[in-house]
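# Summary of the model geometry
For reference, the chains in residue letters:
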Amino acid sequence: MTKKTVHVAVYDTFADWEIGATTAHINRTTWQREPGTWQTKTVGLTTDPITTLGGMRIVPDMALADLTPADSAMLILAGADTWEGDELMPFAAKAREFLAAGVPVAAICGATLGLAKEGLLDTREHTSNVREFLLYSGYAGAENYVEEAAVTDGDLITAGGTSPFEFAREALGRLGVYEPHVLDGWYRLYGHSDPAGWMVLAEYEEQRSVAHAG
C-alpha cells in the first residue's frame, strides 16, 4: 500500500502546539482506519536539528530542497518568531510551488504572514491572527481577509494561532481523513468538549473495526 505523506515544515521557534491536533490525528486516526495509509514527515531548511518554542528538539526527516509537490499530499506551515524576517521565506516559495501544482498548503499564525509576503494571499480568501497582522506585509489581498478562525479557499487553508482545532478540522477535511459527519463529530469533541462527538467517533471506529475484521 502506497502511503500518503503530509509534509510538516519545522524551524527554530516553530510553534509546535498550533499543529499538534492536525498531525496527531493524521497519524493516529488513519492508523486506526487503514494501517499504513498515512504518514507525516518533517522538512527543515536543512537536516540540522531545530528547537521548537515548546523546547522540543526535532531532527528534520528531509531538507526543503528535496521536497517536491508530486511526493506530497499537503504542506503544513506553523507559526514561528522568525516569520517576520526573510529566514523562512524559502518555505513560502515552496508553498507557491505546491499551490501551482494543485497540492494543498495549510498555514497557521505567523506562517500566514510569510504567505502574504510571497503574494499568495492577494487573490485568495484567507484569515490570520488579526487583519492588521498581515497589513505589515504590504500585501494586496486585504479585501480577501475573512474574520473566521480558519478559512479554506481551494487548495489553501489559513488560520489564526489561537485556532488549532479549527485549523485541524479544515486540514483533515481537505485530506479526506474523515467523512464529513465524522469530522463534525471530531470537531464537536475536540473543539467544543461535546461528549456527543465522542459517540460519533466511537461508532465510526467500531464500524471500521468490523469492516476490517470481515
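The present account deals with the structure reproduced in this document.

## Examining the overall build of the chain
Scanning the chain from terminus to terminus reveals seven helices and nine strands. Relative to its length of 214 residues, the chain is compact, with a C-alpha radius of gyration of 17 Å against a globular reference of 17 Å. With respect to the three principal axes, the spread of C-alpha positions in the chain is 55 × 35 × 35 Å. The burial tally for the chain puts 50% of its 214 residues in the buried class. A sequence separation of at least 24 residues applies to 61% of the contacts in the chain between residues at least 6 apart. A total of about 9900 Å² of accessible surface is found on the chain, and carbon and sulfur atoms cover 51% of it.

## Side note on the nonpolar core
One finds Tyr 11, Ile 76, Leu 77, Val 105, Leu 115 and Tyr 178 to be the most contacted residues of the largest nonpolar core, which totals 63 residues. Ranked by the residues each element gives to this core, the list is headed by helix α2 (residues 89-100), at six residues. Not counting residues within four places of it along the chain, the set of residues in contact with Leu 77 comprises Ala 9, Tyr 11, Phe 91, Ala 95, Val 105, Ala 106, Ala 107, Ile 108, Ala 111 and Leu 115.

## Overview of the pairing of strand β8 (residues 150-153)
With four bridges joining them, β8 and strand β9 (residues 156-159) adopt antiparallel strand pairing. Looking at the pairing, Thr 152 lines up with Ile 157 of β9.

## Describing the packing of helix α5 (residues 164-175) against helix α6 (residues 180-192)
Working note: a packed helix pair is described by the angle between its axes plus the distance between those axes. Viewed as axis vectors pointing N to C, α5 and α6 meet at an angle of 165 degrees, and their least axial separation amounts to 10 Å. In terms of orientation, α5 and α6 fall into the roughly antiparallel class. In the packing of α5 onto α6, the handedness of the crossing is right-handed. Contacts between α5 and α6 involve Phe 165, Glu 166, Ala 168, Arg 169, Leu 172 and Gly 173 from the first element and Leu 183, Trp 186, Tyr 187, Tyr 190 and Gly 191 from the second. Across the contact of α5 with α6, the residue classes tally to seven nonpolar, two polar and two charged.

## Section: the sheet that holds strand β2 (residues 38-44)
Ordered in space as β5-β2-β1-β6-β7-β9-β8, the seven strands form an open sheet in which the pairing is mixed. A strand with exactly one partner marks an edge of an open sheet, and here the two such strands are β5 (62-63) and β8. Pairing of strand β1 (residues 4-9) with β2, which is carried by six bridges, proceeds in the parallel orientation. By the bridge assignment for β2, Thr 5 is matched with Gln 39. Its contacts with the sheet put helix α3 (residues 110-117) on β6 (74-77), β7 (105-108) and β9, and the angle it makes with β7 is roughly 120 degrees. Its contacts with the sheet place α5 against β1, β2, β6, β7, β8 and β9, and it is angled at close to 170 degrees to β9.

## Some thoughts on α6
Between the first and last C-alpha of α6 there are 17 Å, a value that for 13 residues agrees with the 18 Å anticipated at 1.5 Å per step. All of the buried residues along α6 are Val 182, Leu 183, Gly 185, Trp 186, Tyr 187 and Leu 189.

## Examining the packing of α2 against α3
Close contact between α2 and α3 brings their axes to 9 Å; oriented N to C, the two are set at 70 degrees. On the basis of their axis angle, the class for α2 and α3 is roughly perpendicular. Like other packed secondary-structure pairs, α2 and α3 cross with a definite hand, here right-handed. Where α2 abuts α3, its residues Met 89, Ala 92 and Ala 95 lie against Gly 114, Leu 115 and Lys 117.

Criteria and thresholds
Residues numbered from 1 in each chain as written. Predicted model: local features only at pLDDT ≥ 70, side-chain atom pairs only at ≥ 80, totals over all residues. Heavy atoms only, no water. Helix = DSSP H or I, 4+ residues; strand = E, 2+ residues; numbered from the N terminus. Rg over C-alpha atoms; globule rule 2.2 N^0.38 Å. Buried < 20%, exposed > 50% of the residue type's maximum accessible area, 1.4 Å probe, protein only. Contact = heavy atoms within 4.5 Å. Areas by Shrake-Rupley, 256 points an atom, 1.4 Å probe, with all protein chains shown as cover. Core = buried A, V, L, I, M, F, W, Y, C linked by side-chain atoms within 4.5 Å. Pairing = 2+ DSSP bridges. Axes fitted to C-alpha atoms, helices over the stretch in contact; angles between N-to-C directions. Parallel < 35°, antiparallel > 145°, perpendicular 65-115°, else oblique. Left-handed = near helix turned anticlockwise from the far one by under 90°. Nonpolar A, V, L, I, M, F, W, Y, C, P; charged D, E, K, R; others polar. Expected span 1.5 Å × (residues − 1).

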